[in-house]
Amino acid sequence: MSNEKDTNDPTADDPDEPPHGGVDDSSPAGNGEDATRGDPEPDDGPANDSGADEDPAAGSDGESAAGPDDESAADPDDGSAADPDDEDDPWDDGVVVDDGDGFDETDVVGEGTDGARNGNNPEPSDDGGIDELGSTVEVEGAEIDEDPDEDDLLGGLKIDTTAELEIPDRLVDQVIGQEHARDVIIKAAKQRRHVMMIGSPGTGKSMLAKAMSELLPKEELQDVLVYHNPDDGNKPKVRTVPAGKGDQIVEAHREEARKRNQMRSLLMWIIIAVVLGYALIIVGQILVGIIAAGVVYLVFRYLNRGSDAMIPNLLVNNGDTKTAPFRDATGAHAGALLGDVRHDPFQSGGMETPSHDRVEAGAIHKANKGVLFIDEINTLDIRSQQHLMTAIQEGEFSITGQSERSSGAMVQTEPVPTDFVMIAAGNLDAMENMHPALRSRIKGYGYEVYMEDTIEDTPEMRRKYVRFIAQEVAKDGRLPEFSAEAVEEIILEAKRRSGRKGHLTLKMRNLGGMVRVAGDIARGEDAEMTTRDHVLQAKGRSRSIEQQLADDYIERRKDYELQVSDGYVVGRVNGLAVMGEDSGIMLPVMAEVTPTQSGGQVIATGQLKEMAEESVQNVSAIIKKFSDENISEKDIHIQFIQTGQQGVDGDSASITVATAVISALENVGVDQSLAMTGSLSVRGDVLPVGGVTHKIEAAAKAGCDRVIIPAANEQDVMIEDEYEEMIEVIPVSHISEVLDIALEGETEKDSLVSRLKSITGSTLKDGNVSGPSNPSPQ
């Protein structure tokens, strides 16, 4: 057995100062085997930002050792022979790590994480600068038209398939459209700042978080070891070493323990043989000899167990990590996020598992020197958010059992490093339920970023979308390349899904889903490439649940004649609504006027939500001002037909309700081949709404010939080619225009419309009243 000085021997700047862990070096701490031998003492505390061991300690001989950060200090132990002054060192376990390259644990303690001291001389990571994302799209053997035609959906790219495009190596360069967020991520990686990203799902939040882990320097990575504490078994000690050294230290301890166990086993069998021989030959009492041999066996087994307990637990292993750690803790429970200590049913009698072996690292510890990503941050319970604040603020967090009824609750380690960069993400509602103090820490030490849903449609962005499709094909690895025509069809779909004219959607996950469906169809046909026809099939097959439900509703209503698309009916109007984000449906609205029994009321049914109820009240203001009759003697009943359990939200049915009520008051029929959507001000102006493209297509599917939309939404209409021949789109700016188009008859209608114009007080010039320039989703 080696008698060399333990290379885990702690060093100290002040020989008179005991270690931070409270262990007095002047008193030996045994491990149950030998009074002069103990467990190698780990660092008493987390590593500092540089990764070097901070914990000082003095040798048992009272001589001061050089601190680990003192590179100029000579190593008192050269590892070549036993040092006489160290024979009584209470922390000497005789373990020397040697992997054949001259490295031992002295190197580990003395090096810290400085790349120069590791001998690797790593170059600083190159973040590539903060240039405009995707400004250059590399194409093999093809040209880019510098002044492309406005109708060129490829943005001037001269390609036949996506195989001709080069894919950037860095994830941060593969992000499409979120230039501001990308710049923030690069800056945050340089300065190690926290980031909160808020936006719709599928806009690239997780991709940017992974990209940051590639930008952080790898040379700072650390392994974390947990050691048995001979003074208090429920307070394991923690030590940090450069990445890759932890495995070597653990293996060296295991090898030393194996050698000790072999020697003890040999000694045990010799003693057992002597005891049995003495009992059998000298005493003649074989039973006594067997009992004595059993006692000897149990004693040695107990000693072997004590030796095995000295092997440290490699809590965090970054030896094989190529980039800074990235840990996705979305939806993690407290133990997975903060670390835990496993329950031990055998807590005494020599059968218990040492506490340091039961410690489990949490995501905050595994993300040390890397990125911790938590999506839907508001779903974390308050207690976890509070602990997360502590880890961010202190840069270290002790591990203890998360269950109060578990034996792990009695164990608490020394603080474990948690020097991570946190990226919190979520939808807009995430800020409402997020702990204010946690948000304050992120905001105070980092950035807040809003992820855009759409981006301006430019030739440059179209080229980026072509590259996005190439990236999806390369990432999947099983899809045929896309032809130029197939790419154009996907870019057209990106325009449609944006909901705004002159924009492209940035909900790339959903768009990528359609790319994969189209590729799967092509692969199923053994096609050499994915064509436009495959994309068209994919658009039908990749319909959302809401789209499928809407189509099913339309078909069922046709079967039961609930859908009316011809003739004139009093008090009935075909309204339009949106289900989800990308599907439209036609919902009839009916109105009836009856004598009142308790004062005039406007009664609306159909699972109306708050915004829809308010829109009905706004419509009632116009009706009260418009009507020549005393409506205080009448009740106005408004029914939204078959709205389902979800009910109606938003005010996009305002002109529908107004038309239905006015039709019922005047007993004038409404054209049933007409559908409409639009918000309404109390002065009668028609205001823009969201989802007009999907609503128009729903009206066409239902068999309507015409559809009324707000004039401000005219620029947002991007219906499929198949529907353009089926339906006429009529933009309007005022309720009088709606009535002029929708109501039956000429004489009565003209009088009604002119009276409404004068009463509402809206001045119409050339029949136009401009609404807000930007449509708000309804």
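Once a new chain begins, its residue numbering starts again from 1 and follows that chain's sequence as written. Given that this is a predicted model, residues contribute local features only at a pLDDT of at least 70 and side-chain atom pairs are listed and counted only at 80 or more, while totals for whole chains, interfaces and linings are drawn from all residues. Side-chain metrics rest on all non-hydrogen atoms present in the structure, leaving aside hydrogens and water.

Novice: Describe the side chain of Asn318, and please don't skip the residues or the numbers.
Specialist: Inspection of the secondary structure puts Asn318 in the loop between strand S4 (313-316) and strand S5 (326-328). Residue Asn318 is classed as buried on the basis of its relative accessible area, which comes to 2%. Working rule for contacts: check all heavy atoms of both residues, and any pair within 4.5 Å makes them a contact. Apart from the residues lying within four places of it in its own chain, the contact partners of Asn318 are Leu221, Gln222, Asp223, Ala243, Gly244 and Pro325. Under the DSSP-based scheme used, a helix requires at least four consecutive residues in state H or I and a strand at least two consecutive residues in state E, with every element numbered from the N terminus. Throughout this description, buried means an accessible area under 20% of the type-specific maximum (1.4 Å probe, protein chains only), exposed means over 50%, and partly exposed covers the range between.

Novice: Got a sec to walk through the nonpolar core? Specific residues and values, please.
Specialist: To form a nonpolar core, buried Ala, Val, Leu, Ile, Met, Phe, Trp, Tyr and Cys residues must be joined to one another through side-chain atoms within 4.5 Å. Within the largest apolar cluster, 33 residues are counted, with the highest numbers of intra-cluster contacts made by Ile655, Val661, Met676, Leu680, Ile708 and Val738. Contributing elements (two or more residues each) for this core: strand S17 (583-595), helix H16 (610-626), strand S19 (634-640), helix H17 (654-666), strand S21 (674-676), strand S25 (728-732) and helix H20 (735-742). Here this core takes eight residues from H17, the largest share from any one element. Excluding residues that lie within four positions of it along the chain, Met676 makes contacts with Val573, Asn574, Gly575, Leu576, Ile655, Thr656, Thr659, Ile708, Val738 and Ala742. Listed in part, the 32 residues of the second largest apolar core include Met461, Tyr465, Ile490 and Ile521.

Novice: So, the confidence of the model for the protein chain: which residues are in play, and what are the values?
Specialist: Per-residue confidence from the predictor is reported as pLDDT, a score between 0 and 100. Per-residue confidence for the protein chain gives a mean pLDDT of 75; residues scoring 70 or more make up 70%. Taken element by element, the protein chain is modelled with least confidence in helix H1 (residues 105-111), mean pLDDT 38, and with most confidence in helix H7 (residues 363-366), mean pLDDT 95. Low pLDDT, under 50, characterises residues 1-134; the predicted model gives this stretch 282 contacts beyond four residues in sequence or across chains. Taken together, the stretch residues 761-778 has pLDDT below 50 and engages in 38 contacts with residues farther than four places along the chain or on a different chain.

Novice: Mind laying out the sheet that holds strand S11 (residues 421-426), listing which residues take part and the relevant values?
Specialist: Whether two strands pair depends on DSSP finding at least two bridges between them. Within the open sheet, the five strands sit side by side as S5-S8-S11-S1-S12. Their pairing is parallel. Lying at the two open borders of the sheet, with one neighbouring strand each, are S5 and strand S12 (446-450). With direction set aside, neighbouring strand axes in the sheet form an average angle of 15°. Pairing between strand S1 (residues 194-198) and S12: five bridges, direction parallel. Paired with Val195 across the two strands is Tyr447, which belongs to S12. Every angle, taken between N-to-C directions, lies between 0 and 180 degrees, and every axis is a line fitted to C-alpha atoms, over only the stretch in contact when it is a helix. Its contacts with the sheet place helix H10 (residues 436-444) against S1, S11 and S12, and it is angled at close to 105° to S12.

Novice: Give me the packing of helix H13 (residues 508-524) against helix H14 (residues 532-541): which residues, what numbers.
Specialist: Contact geometry of H13 with H14 gives a least axis separation of 8 Å together with a crossing angle of 120°. As summarised for this structure, H13 and H14 are arranged oblique, according to the angle between their axes. As H13 runs across H14, the sense of the crossing is right-handed. Two secondary-structure elements touch here, H13 through Met514, Val517, Ala518, Ile521 and Ala522 and H14 through His534, Val535, Gln537, Ala538, Lys539 and Arg541. The nonpolar class holds Ala, Val, Leu, Ile, Met, Phe, Trp, Tyr, Cys and Pro. Asp, Glu, Lys and Arg form the charged class, and all remaining residues, Gly among them, are polar. Taken together, the residues that form the contact of H13 with H14 break down as seven nonpolar, two polar and two charged. Note on terminology: angles under 35 degrees are roughly parallel, angles over 145 are roughly antiparallel, angles of 65 to 115 are roughly perpendicular, and the others are oblique. The handedness criterion is simple: a crossing whose near helix is rotated anticlockwise from the far helix by less than a right angle is left-handed, and one whose near helix is rotated clockwise is right-handed.

Novice: I'd love a proper account of the pairing of strand S16 (residues 572-579), names of residues and values included.
Specialist: Working note: regular strand, side chains alternate between the two faces of the sheet. Most of S16 is tucked away, with seven of its eight residues classed as buried. With eight bridges joining them, S16 and S17 adopt antiparallel strand pairing. Residue Arg572 lies in a different strand from S17, and its bridge partner there is Met590. Looking at chain direction, S16 and S21 are connected through two bridges and run parallel. The partner of Asn574 across the bridge, within S21, is Ala675.

Novice: So, the packing of helix H12 (residues 484-498) against H14: which residues are in play, and what are the values?
Specialist: Running from amino to carboxyl end, H12 crosses H14 at an angle of 30°, the nearest separation of the two axes being 7 Å. Taking contact as the criterion, the partners of Glu485, Ala486, Glu489, Ile490 and Glu493 in H12 are, on H14, Arg532, Val535, Leu536 and Lys539. In terms of residue class, the contact of H12 with H14 is built from four nonpolar, no polar and five charged.

Novice: Quick one: what's the story with the environment of Arg683, residue by residue and with numbers?
Specialist: Tracing the backbone through its elements, the reader meets Arg683 in the loop between strand S22 (679-680) and strand S23 (686-687). The class for Arg683 is partly exposed, based on a relative accessible area of 44%. Sequence-wise, Arg683 and Val619 are 64 residues apart; in three dimensions their C-alpha atoms are separated by 9.5 Å.

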